[in-house]
Each structure stands twice: as C-alpha cells, then as structure tokens.
Amino acid sequence: MAKHAPSFTCQNCGAVYGRWAGKCEACGEWNTIADEGAPERAGPGRPARKGRVFALQPLAGEAHDAPRLPSGVPELDRVTGGGFVRGSVLLMAGDPGIGKSTLLIQAAAALAKTGHRAVYISGEEAVAQVRLRAERLGLAKAPVELAAETSVEDIIATMSEGKAPRLIVIDSIQTMWTDAVESAPGTVTQVRGAAQALIRFAKRSGAAIILVGHVTKDGQIAGPRVVEHMVDAVLSFEGDGAHQFRILRAVKNRFGPTDEIGVFEMTGAGLREVPNPSELFLSERDLGSPGTVVFAGIEGTRPLLVEIQALVAPTSLGTPRRSVVGWDSSRLSMVLAVLEAHCGVKLGGYDVYLNVAGGLRINEPAADLAAAAALVSSLAGASLPAEAVYFGEISLSGAVRPVAQAAARLKEAGKLGFTRAFAPESARGETGTEGGLALTAIGSLADLVADIAATSKRTRSPVRIAGQDG
Ligand code: TYD
Ligand code: MG
C-alpha cells in the first residue's frame, strides 16, 4: 500500500488532480498529467505547527541602500528597468540553445568586474564547460565564482557563507531539486519547490537571483510557467536559428517597464549588444523592389526601423493563402478587407504573403500603413521610394489614424539617411520639424493606393519586364 494518496500534477500548468486524466481541464493540454506523489511532506499525520508572532513594520520605513545594481550590460539593464533590484528574482526563459547561458555568464562577468560578488551555478554543465565558454567569450579572467550543483539546500548553505553575493545565476531551474519535496527533479512540483526556496533566500539575503528556464512546447520537461507568478520579473530571450540577432523582452516586471526590448547579436565571441537595432534590421535591405517597404516603428521607448515585405501572387487554390510572419494575421485580414472595401483593390484571387524581415515580431497597429503599402506595391509591381519610411494606423473606414511618438520615428529615419515619410497628417503638427524629412501626409488608405498606382503607371517600363523575363 502506498503511504500517501497519489497526486497527479499537470506538467504544463501545475494543476493538481486526485486521479490521472488524459487531458488537463485547467490548461487544455493532453498527456501532461503525471503522478508525482504527495506534493509536500506535510500531511494528515503531521501535527499543525503553532504560528510565530512577528513584528509589523510601518510603510514609511527605511528603504534599501542601493535599490538597483546595473549589470554592466546596458541592453539587459534597459529591459530590467535599470539593473537588478536587491532581493529580486528574475526568470530568464527561452528555447534551448538561444543563448541564455552565454548572456548570463557575460552579465555575471561584467558585474564581477565592477567588484561585486557574482556566482554562477550550473546544473547542466560541468565547471570545465562553463570555463570553456567563458574563455571563448574572452572572460576567463573575470572574478566570477562557479559551481556545478543541483541541490538547492547545498546552494543556499554555500551562499549564506562569507560576503553575501549580489548576483546568483541558477542555470537552470529545471535541473534543481530540493529535499523539501519528494517528487523527481524536473517535475513541476520540484521546480516550484526549488524556486520557492531560492526566492525565500533572495528576499532574506538581498542577493538578486536569475533563474534560467527552458521553454519546451511538447511538455516533456516541466515548463517554467509555474514559476512565472512567483518571480519578480520574467524576461524572455527570443530569436530564431536562421538569424543572428536575439531579442530580450520583459514579459512581466514588478520593478520596471515591460515594453522595452534589448537587442543582441550572436557572434563567434558571444553576444554583442546592438545599441542601434535599426541598422541591423535594415542591413539586408532589398532596396527598391516591389513589395518592400520600411516601417518606422517604436519598441518601448526606442524607435526601430524594420523592413516589411509582401508578395501578392495569383492563386491556384480555391481559397487563397494568407500567410504572415512577424505580424498579426488578423490585422492583415483587416488591412486586406479595408483595401477591398474602400480602395477597390481586389485580392480575392491572390495569395498574400507578408513577412517582417530579420525575424522580428511587430505588435504595433502603426504598421498598418506600411503593410498596406507593401501589399499594394507588390500587387501593382511598382517599387516604393527607397528613401521613404511609412507608418500609420488604418481604421475600418479607411482613414489613416494618428500614432504615438511620430517625432521619434521621424528622427530615427532621418538619422539613418531616409529623406521622405508617408505618415498621418498629425505627424506634421506634432513634430514641427519632421526631422528634416519631406512628409507626405496620408489622410486615407485610398490616397496611398492612388499614389502607388500613379507610380506604377510611370514605372511600368521595359526594364522591369526585361528583368522579369531574364
Ligand atoms: P547557450 O548560451 O549555451 O544557450 P542556452 O543556454 O540558451 O541553451 O548558447 C548556445 C548557442 O550559442 C550555441 O548554438 C552556440 C552559440 N554560441 C555562439 O554562436 N557564440 C558563442 O560565443 C557562444 C558561447 C555560443
Ligand atoms: Mg544553457
């Protein structure tokens, strides 16, 4: 007979069930429920502990001496909101191989070089492997303390000795285990128990702790999702294998903004910061080919110029394809519907592909105008002016609505050598200067379509046709 009643836990969301089921009712995932035994060592056989009386503090108390500690990696500090907060715990989530360990050893080294105690604990790699990576990054001499450990109790005991560390990197939380929980390492219950113990230690010692968490889609390893609500900030490290750049985004942040991004480039010598990302995203520009447009966007407080590409081609299918990479597909449907309804652009017989170059993901409605320009340009086979940027939100009536931070967008475009901008009328009033750009105010989407159609007539030249034949 089992000593305790079995407890089944969803490995995806952490919901607990009394018996096994194929589908988790809480998150809807299939085959994620596993027997983990009793979740904690407390049980009916254990006497209830008498509570201890603690002293309450007034709100108007003394604050921490140095609330933030800059990491020495400015792009990381931008995302956290200015550095690590004392006693805070941060989850760094990302796909395996994206560069989490690389970024964190670089951050730990940068911090250690400024004289603070930084500890890097790897549960996945041996010390030699971590050293090898540091050597490759040119950080072999950095005074970072290393260990390859997985027991949370041992880690906490070690960290409690000597001068308190200012930064502890735990790589990764999925490999940690605590004695307080009976389940096997890697299960949701263990991940949660280990995270809880580390969070308690961070609050007590004032050290900032970064937990690395692998995200897996198939639910094989317990996802770090269960940890998300326990930590102070969740940063997500994104990028795709085909591109060198990586984006760090705050998904949750108790002490700072969540709309800032940090941009890095993976090089042979580690992650390089990209303080001016527009240059990166425009570096492979298909200048002047139909369907290509530069969108002047904003990520957080930072302007970011990206290229949007569209391909509109006659369809051979009953239902034409609508494929989007890097943008919202429902916004594409909306832009297509407005083009049909208000501008007489019929796309029913065409496949439509839209791609944000470089693998970036845009969430702003301000990209509507740029996307529409790319679509019409591809359909008409007319190039858009290569020296122009586009931005503006399109309403269902076909009007182009004002967008935030027009001045910053225009300034960034001017800085990168653009000389024209197609934007809502309000951009003119707001800036006064237009950053030295010639501004073409677009009142409605129909104006833009007419403008592109006019260019198309002018440029429908033998050169283009010859180019297509050859
Ligand atoms: P890593 O930091 O180990 O990823 P994670 O901890 O998120 O799993 O980085 C793994 C990838 O980064 C690996 O495919 C090799 C690449 N890389 C470089 O391109 N340059 C470098 O200097 C380093 C250290 C790694
Ligand atoms: Mg790693």
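The text that follows walks through the structure, step by step, so that each part is easy to find. (Residues numbered from 1 in each chain as written. Chains lettered and ligands numbered in written order. Predicted model: local features only at pLDDT ≥ 70, side-chain atom pairs only at ≥ 80, totals over all residues. Heavy atoms only, no water.)

Digging into the sheet that holds strand S13 (residues 261-267)
As summarised here, the arrangement of the nine strands in space is S8-S7-S9-S10-S6-S11-S12-S13-S14, forming an open sheet in which the pairing is mixed. Since the sheet does not close on itself, it has two edges, and those belong to strand S8 (145-147) and strand S14 (270-273), each with one partner. Here the average twist between neighbouring strands, direction ignored, is 25°. Here six bridges tie strand S6 (residues 89-94) to strand S10 (residues 208-214), and the two strands are oriented parallel to one another. Paired with Met-92 across the two strands is Val-212, which belongs to S10. The sheet contacts of helix H3 (residues 127-136) involve strand S7 (118-122) and S8, and relative to S8 the element is tilted by about 140°. Against the sheet, helix H5 (residues 188-205) contacts S6, strand S9 (167-171) and S10, and its axis sits at roughly 160° relative to S10. (Pairing = 2+ DSSP bridges. Helix = DSSP H or I, 4+ residues; strand = E, 2+ residues; numbered from the N terminus. Axes fitted to C-alpha atoms, helices over the stretch in contact; angles between N-to-C directions. Contact = heavy atoms within 4.5 Å.)

Some words on the pattern of salt bridges
Under the defined criterion, the tally for this structure stands at 14 salt bridges. The salt bridge partner of Arg-249 is Glu-238, with a shortest N-O separation of 3.2 Å. Here Glu-238 lies in strand S11 (residues 233-238) and Arg-249 lies in strand S12 (residues 245-253), a separation of eleven residues in the sequence. When its relative accessible area of 15% is taken as the criterion, Arg-249 is described as buried. Linked by salt bridges that have partners in common, Glu-75, Arg-78, Glu-260 and Arg-302 make up one network. (Salt bridge = Lys/Arg side-chain N within 4 Å of Asp/Glu carboxyl O. Buried < 20%, exposed > 50% of the residue type's maximum accessible area, 1.4 Å probe, protein only.)

Regarding the pairing of S14
When S13 meets S14, the two strands line up antiparallel, connected through four bridges. If you follow Thr-267 over to S14, its bridge partner there is Gly-270. Between S13 and S14, which follow one another and run antiparallel, lie two residues.

Quick notes on the sheet that holds strand S16 (residues 302-314)
Pairing within the open sheet is mixed, and its seven strands lie in the order S17-S18-S16-S15-S19-S22-S23. A single partner strand is all that each edge strand has here, and the edge strands are strand S17 (322-325) and strand S23 (438-441). In this sheet, adjacent strand axes meet at a mean angle of 25° when their direction is disregarded. Note that strand S15 (residues 292-299) and strand S19 (residues 388-390) share two bridges and pair parallel. Among the inter-strand pairings, Phe-295 is bridged to a residue of S19, identified as Tyr-390. Set on the sheet, helix H10 (residues 406-415) makes contact with S15, S16, S19, strand S22 (420-423) and S23; between it and S15 the angle comes to about 125°.

Things to note about the packing of helix H4 (residues 152-159) against H5
One way to put it is that H4 packs onto H5 with a least axis distance of 10 Å and a crossing angle of 10°. Relative to H5, H4 is oriented roughly parallel. When H4 is examined against H5, the residues Val-152, Ile-156 and Met-159 are found in contact with a partner set consisting of Ala-194, Ala-197, Leu-198, Phe-201 and Arg-204. (Parallel < 35°, antiparallel > 145°, perpendicular 65-115°, else oblique.)

Structural notes on the packing of aromatic side chains
Counted according to the given criterion, the structure contains two aromatic pairs. Ring geometry for Phe-237 against Phe-264: centres 6.0 Å apart, planes inclined by 80°, an arrangement best described as edge-to-face. Residue Phe-237 is found in strand S11, and its partner Phe-264 is found in strand S13; the two are separated by 27 residues along the sequence. On the numbers, 4.6 Å between centres and 5° between planes, the contact of Tyr-390 with Phe-422 is stacked. Of the two residues, Tyr-390 sits in strand S19 while Phe-422 sits in strand S22, which places them 32 residues apart along the sequence. The two residues Tyr-390 and Phe-422 agree in class, both being buried. In this structure, Arg-409 packs its charged tip against the face of Phe-391, placed 5.5 Å from the ring centre. (Phe/Tyr/Trp six-rings, centres within 6.5 Å; stacked < 30°, edge-to-face > 60°. Lys NZ or Arg CZ within 6 Å of the ring centre and 35° of its normal.)

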